[in-house]
Amino acid sequence: MLKTPPQCPMDAILRLLMGPWTTYIIWVLSDEGPQRFGALKRAVPGISTRMLTERLRMLQGAGVIWREQAETIPPAVTYGLTPRGNDLRSVLDALGNIAERWKSEGVFEDDDLGAV
């Protein structure tokens, strides 16, 4: 059986993207442009404040998004995609197209997919 080398860059980027809500957050920022925290939370229905904060910190740490805080009361915090984040747009668009095609073919109807 083929094993993935521990230093494989493809494995590292897939691990980054497969975290909960991660691709959806990137998609929202890609589709709608920079967003303040509250607007981003409303654009990602069902995400908790804690999870959104965790995902944003992780993406910022990876250099995928930027964070800007205005010195106002309360602070106005805005997030957007960095050039590295924009690199992901075409890849995620291509994956989205494949996912839609596979969905129409019934691939995702089987609940056992998570076990693959």
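Just so you know, these numbers come straight off a predicted model, no measurement behind them. (Residues numbered from 1 in each chain as written. Predicted model: local features only at pLDDT ≥ 70, side-chain atom pairs only at ≥ 80, totals over all residues. Heavy atoms only, no water.)

Trainee: Would you explain the pairing of strand E2 (residues 65-70) in this entry?
Mentor: Consecutive side chains along a regular strand alternate between the two faces of the sheet. Two strands pair when backbone bridges link them, and E2 and strand E3 (residues 76-81) are joined in this way by six bridges, in the antiparallel orientation. In the strand pairing of E3, Ala-70 is matched with Ala-76. (Pairing = 2+ DSSP bridges. Helix = DSSP H or I, 4+ residues; strand = E, 2+ residues; numbered from the N terminus.)

Trainee: Help me understand the nonpolar core, please; the structure alone is not making it clear to me.
Mentor: The tendency in soluble globular proteins is for nonpolar side chains to be buried as a group. Of all hydrophobic cores here, the largest spans 20 residues; its most connected members are Ile-25, Ile-26, Leu-40, Leu-56, Val-64 and Ile-65. The greatest single-element share of this core, amounting to four residues, is contributed by helix H2 (residues 22-32). (Core = buried A, V, L, I, M, F, W, Y, C linked by side-chain atoms within 4.5 Å. Buried < 20%, exposed > 50% of the residue type's maximum accessible area, 1.4 Å probe, protein only.)

Trainee: Sorry if this is basic, but what is going on with the side chain of Thr-78 here?
Mentor: Relative to the elements of secondary structure, Thr-78 occurs in strand E3. Thr-78 gets classed as buried once you look at its relative accessible area, which sits at 17%. Non-local contacts of Thr-78, meaning those with residues more than four positions away in its chain, are made with Pro-34, Gln-35, Arg-36, Trp-66, Arg-67 and Glu-68. (Contact = heavy atoms within 4.5 Å.)

Trainee: Teacher, can you tell me more about the sheet that holds strand E1 (residues 35-36) here?
Mentor: What links the strands of a sheet is backbone hydrogen bonding, and the strands pair in either a parallel or an antiparallel sense. An order of E1-E3-E2 is seen for the three strands of this open sheet, with the pairing classed as antiparallel. The open sheet has two free edges, formed respectively by E1 and E2, since each of these has just one partner strand. Contacts from H2 reach E1, E2 and E3, with the element oriented near 90° to E3. (Axes fitted to C-alpha atoms, helices over the stretch in contact; angles between N-to-C directions.)

Trainee: Can you walk me through a nonpolar patch on the surface in this structure?
Mentor: A cluster of nonpolar side chains, Val-91, Leu-95, Ile-98, Trp-102 and Phe-108, forms an exposed patch at the surface whose accessible area comes to about 450 Å². Looking at the element boundaries, Trp-102 is found in helix H5 (residues 83-104). Judged by its relative accessible area of 39%, Trp-102 is partly exposed. (Patch = residues over 30% accessible without salt bridge, like charges linked within 9 Å, V, L, I, M, F, W, Y side chains within 5 Å. Areas by Shrake-Rupley, 256 points an atom, 1.4 Å probe, with all protein chains shown as cover. Salt bridge = Lys/Arg side-chain N within 4 Å of Asp/Glu carboxyl O.)

Trainee: When you look at the packing of aromatic side chains in this model, what are you seeing that I'm missing?
Mentor: The geometry of an aromatic ring pair comes down to the distance between the two centres and the angle between the two planes. Taken as a whole, this structure holds two aromatic pairs when the rule is applied. Note on Tyr-24 and Trp-27: the rings are 5.6 Å apart at their centroids and 45° apart in plane angle, and the pair reads as tilted. Here Trp-27 and Tyr-24 lie together in helix H2, a separation of three residues that amounts to about one turn. Judged by relative accessible area, which is 34%, Tyr-24 ranks as partly exposed. Since its relative accessible area comes to 42%, Trp-27 is described here as partly exposed. (Phe/Tyr/Trp six-rings, centres within 6.5 Å; stacked < 30°, edge-to-face > 60°.)

Trainee: Can you walk me through the environment of Arg-55 in this structure?
Mentor: In this fold, Arg-55 is placed in helix H4 (residues 49-61). Beyond its immediate sequence surroundings of up to four residues, Arg-55 is in contact with Gly-19, Pro-20, Trp-21, Thr-22 and Ile-25.

Trainee: Can you walk me through the packing of H2 against H4 in this structure?
Mentor: Helix-helix packing: each pair is described by the crossing angle between the helix axes and the interaxial distance. Across the interface, H2 lies against H4 with an axial gap of 10 Å and an inter-helix angle of 75°. By the criterion of interaxial angle, the relationship of H2 to H4 is roughly perpendicular. The residues of H4 that touch H2, namely those facing Thr-22, Ile-25 and Ile-26, are Leu-52, Arg-55, Leu-56, Met-58 and Leu-59. Of the residues contributing to the contact of H2 with H4, the split by class is six nonpolar, one polar and one charged. (Parallel < 35°, antiparallel > 145°, perpendicular 65-115°, else oblique. Nonpolar A, V, L, I, M, F, W, Y, C, P; charged D, E, K, R; others polar.)

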